[in-house]
Amino acid sequence: MANSEAELLLSLPPNMNRHLSECEPAVAASAFGTCDPPGRPLGSGGGTAHVLAEAWKSQGQGRSFQAWLADRRKIIIHGGGQSRRLPAYAGPGKLFIPVPAYRWSLGQRLDQSLLDLQLPFAQDVVSKAGAQARVAIVSGDVLLRSEVSIPSLPDADVVLLGLWARPEEAQHFGVMFCDRTDPSRLRFFLQKPSPDRIRELAAENLFMIDVGLWLLSERAVMCLMDKCGWNSEQQDFRTGQADTYDLYGAWGPHFGEHPDDPDSDVGKLTTAVVTIPEGAFYHFGKSRDIIRSVYDLQNLVVDQTRFGRPGTQPHPRQFVQNADFGFPLRQDSNHSLWVENSMVPASWKLGSEHVLTGVPDNDWELELPSGVCLDFSPIGESDYAVRPYGIDDPFRGAMGDAATPWLGSPIGEWLRKRDLTLAQAGLAEDCDIQDAPLFPVLTGSPVSADFVRWMCADEPDASPECRAQWLDASRLSATEIARDVNLVRLYAARRARMRDAVLAMAGNYRRSVFYRLDLEHAASLLAEHDDGLAALPVLTRGDSATMRMHDRMLRAQVMQLQCRHEESAAFEREAFECLRDAIVTPVMEAST
């Protein structure tokens, strides 16, 4: 293999793929991005084949597909899809969910995303792969961790990574049933079997959940490409684009010594299963998942010497980032809260189980029922699509189906309580709720608390004005919001709120992770304020020498970014004096 460093290939939502260089320039500079063809979801298998083919067309330089494949290992991370159960991040995609800095870690950035946290593990796996491995396929809504380094991996056509799990948990994933005397030997693979079925099969087999990271040899890649319609002689798909094909539901059941669905071509591939040592699996596929997973990650370390004062109590299920937040939180009554890129003043009344994203500046007096989420998606240069939804809404089902939920209740109930019918709203009975234009785009006038309250309330007051405003507004569906959201504007708003939030964190440095952040990135935010340094706390000898060293280096970097080089050099000298104190003072005290 000519190049040992793995190349990163990303499958993205179409909107993010168009704006990747503007929104995530560092990612765009280091990765190849593409998206499924318009109107043609390809599934995880077809999507993999499509990503590979598009990357080859872009980078092949006249080589055959197989020659390009052999030149350098690839990591494919699937971050596309409709994100029906996580609508707040459907536009940029789940890969770019902002994840708060871990309170027990050092050097994390305030703008870190799920992708930033996923990539190191995937790179470690690829570095330990056998000689045959050419492509790693990674699910984009999963974060994998291991407390120890991954061992060298077996050399097989298909290597599947797994974790031990209970049947009740395993029923939601692909399940690998393995030989009881040798867990690396895969007997068969089932997609989302019931707990009873798992228990029945466990009598003669070990079982693990598939964590969504597969390693494929060149032979396995070509087998998958063939299943997706690839013609090696023509060096193209038979129909001009990849066929829809599912890795986990279609290809996986062909695997193993006794496959659930035998296939003569797939049966020629060798397989191996690897248990992630001391591994953990965090899901980010649903609105509720992001709260649960970040809660588990924040409380992963209980050793207080790792994080000091900020971590003496368990982190609550409340996450506020890049936000102007004035509401007085209560741990019990406001649990399961995610607030990001938003303004929530003290005049709001929150319950529990809220995801609040993109909320613009406001002075509303607004009470949100528990379980109600709010997203304000920027549309065009100044408008917002107002999107309320329930935290568990699946965004699936026909509008005319009485069982189709919205805001946690049947959609028909929402309409009836507002004196509306499907016909009046211009909504077809057979239209899937994901494609139904429910979300008003407010143009030319500020959003009012009355209108938001009318849309969200369990029992709304009769309001002909709000009813008329909703009917008369241009409305978008969830699919259209993901397509049309102004991602550049969204990122700019997030950056502005992050810039203000870092000042608040600095002012509360004794109880925040401020001095544990990536100080270079924190300095870039502070440097955007004319008086950023004035907002920093004045540390004294009562603060640790290490913290004082971080403070002086932070100030030096801010000065450097503001082209104040002499002042920067002075702070650097002070930083080294603090470092000397941190090293020498304990030695001198021990010797006396």
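One can find the structure itself at the top, above this paragraph.
Description of the structure in this document. (Residues numbered from 1 in each chain as written. Predicted model: local features only at pLDDT ≥ 70, side-chain atom pairs only at ≥ 80, totals over all residues. Heavy atoms only, no water.)

1. Re the environment of R330
For clarity, the cut-off: Helical segments are the DSSP runs of H or I of at least four residues, strand segments are the runs of E of at least two, and each set is numbered from the N terminus. By definition, residues are in contact when any of their heavy atoms lie within 4.5 Å.
Looking at the secondary structure, you find R330 in the loop between β14 (318–325) and β15 (337–344). Separated by 14 residues in sequence, R330 and P316 have C-alpha atoms that sit 9.7 Å apart. Residue contacts for R330: discarding those within four places in its chain leaves Q318 and H335.

2. Digging into the pairing of strand β3 (residues 72–78)
Just so we agree on the cut-off: Think of it in three bands: residues with accessible area under 20% of the maximum for their type are buried, residues over 50% are exposed, and the middle band is partly exposed, with areas taken using a 1.4 Å probe on protein chains only. Here the rule is simple: two strands pair whenever DSSP picks up at least two bridges between them. For a crossover, the right-handed case is the one in which the path from the first strand over the helix to the second runs clockwise, viewed with the strands pointing away from the viewer.
Counting buried positions over the seven residues of β3 gives six, a clear majority of the element. The pairing of β3 with strand β4 (residues 133–139) spans five bridges and is parallel. Bridge pairing links K74 to V135 in β4. With respect to chirality, the unit in which β3 leads through helix α5 (residues 114–127) into the neighbouring parallel β4 is left-handed.

3. Some words on the packing of helix α13 (residues 449–456) against helix α14 (residues 464–472)
Convention followed: To obtain each axis, a line is fitted to C-alpha atoms, and for helices this fit is confined to the stretch in contact; angles are then taken between N-to-C directions over 0 to 180 degrees. Oblique is the label for any angle not covered by the other classes, which are roughly parallel (under 35 degrees), roughly antiparallel (over 145) and roughly perpendicular (65 to 115). Throughout, the ten residues Ala, Val, Leu, Ile, Met, Phe, Trp, Tyr, Cys and Pro are labelled nonpolar, Asp, Glu, Lys and Arg are labelled charged, and all others, Gly among them, are labelled polar.
Two elements in contact, α13 and α14, have axes whose closest approach is 10 Å; the angle formed by their N-to-C orientations is 80 degrees. Taken together, α13 and α14 sit at an angle that is classed as roughly perpendicular. For the pair α13 and α14, contact is made by D450, F451, W454 and M455 and by C466, R467, Q469 and W470, respectively. Its residues placed into classes, the contact of α13 with α14 shows five nonpolar, one polar and two charged.

4. A look at the pattern of salt bridges
Side-chain pairing between opposite charges can occur once the charged atoms of the two side chains come close. We count it as follows: For salt bridges, the criterion is a side-chain nitrogen of Lys or Arg within 4 Å of an Asp or Glu carboxyl oxygen.
The full count for this structure, using the stated rule, is 35 salt bridges. E7 serves as the salt-bridge partner of K74, at 3.5 Å between the closest nitrogen and oxygen. With K74 in strand β3 and E7 in strand β1 (residues 3–11), the pair connects residues that are 67 residues apart, well separated along the chain. You can call K74 buried: its relative accessible area is 1%. Of the residues examined, E7 reaches a relative accessible area of 9% and is grouped as buried. A salt bridge links D289 to R292, with the nearest nitrogen and oxygen atoms 2.9 Å apart. Taken together, the positions of D289 and R292, both in helix α10 (residues 287–298) and three residues apart, correspond to about one turn of that helix.

5. As for the packing of helix α1 (residues 14–23) against helix α16 (residues 487–507)
Helix-helix packing is described using two parameters, namely the angle between the two axes and the distance between the axes. Heads up, the condition is: In this scheme the handedness of a crossing depends on how the near helix is turned from the far one: anticlockwise by less than a right angle means left-handed, clockwise means right-handed.
Remark: α1 packs on α16, axes separated minimally by 9 Å, with the N-to-C direction vectors making an angle of 45 degrees. By the angle between their axes, α1 is oblique relative to α16. The element α1 and its partner α16 pack so that their crossing is right-handed. Across the interface between the two elements, N15, M16, H19, E22 and C23 of α1 pack against L487, V488 and Y491 of α16. Of the residues that constitute the contact of α1 with α16, the class distribution is five nonpolar, two polar and one charged.

6. Overview of the packing of aromatic side chains
Threshold: Planes of paired rings set the category: under 30 degrees apart is stacked, over 60 is edge-to-face and the rest tilted, where pairs are Phe, Tyr or Trp rings (Trp by its six-membered ring) whose centres lie within 6.5 Å. Counted as over-ring charges are cases with an Arg CZ or a Lys NZ within 6 Å of the ring centre that also lie within 35 degrees of the ring normal.
In the structure shown here, the tally under the stated rule is 28 aromatic pairs. Note on F325 and F327: the rings are 6.5 Å apart at their centroids and 85 degrees apart in plane angle, and the pair reads as edge-to-face. When its relative accessible area of 22% is taken as the criterion, F325 is described as partly exposed. The buried category is assigned to F327, whose relative accessible area is 13%. Members of the aromatic cluster, joined through ring pairs, are Y389, F395, W406, W414, F439, F451, W454 and W470. Here the guanidinium or amino end of R418 rests over the ring plane of W454, the centre of that ring lying 5.6 Å away.

7. A word on α16
Put simply, the test is: To estimate the expected span of a helix, subtract one from its residue number and multiply by 1.5 Å. Side-chain atoms alone can form a polar contact between residues adjacent in sequence; in general such a contact is a pair of N or O atoms within 3.5 Å, and within protein one must be able to donate a hydrogen while the other accepts it.
For α16, which comprises 21 residues, the first-to-last C-alpha distance of 30 Å matches the rise-based estimate of 30 Å (1.5 Å per residue) to within 8%. Listing the buried residues of α16 in full gives L487, R489, L490, Y491, R494, R497, M498, A501, V502, M505 and A506. Looking at the buried residues of α16, the elements they touch are α1, β14, β15, β17 (372–379), β18 (383–390) and α17 (519–526). Measuring from the backbone nitrogen of V488 back to the side-chain oxygen at the start of α16 gives 3.3 Å, which picks out N486 as the cap.

8. Side note on the environment of L368
Relative to the helices and strands, L368 is located in the loop between β16 (354–357) and β17. The buried category is assigned to L368, whose relative accessible area is 3%. With 84 residues separating them in the primary sequence, L368 and V452 have C-alpha atoms 9.4 Å apart. With near-sequence residues (within four places) excluded, L368 lies in contact with W348, K349, L350, G351, H354, L356, L374 and C456.

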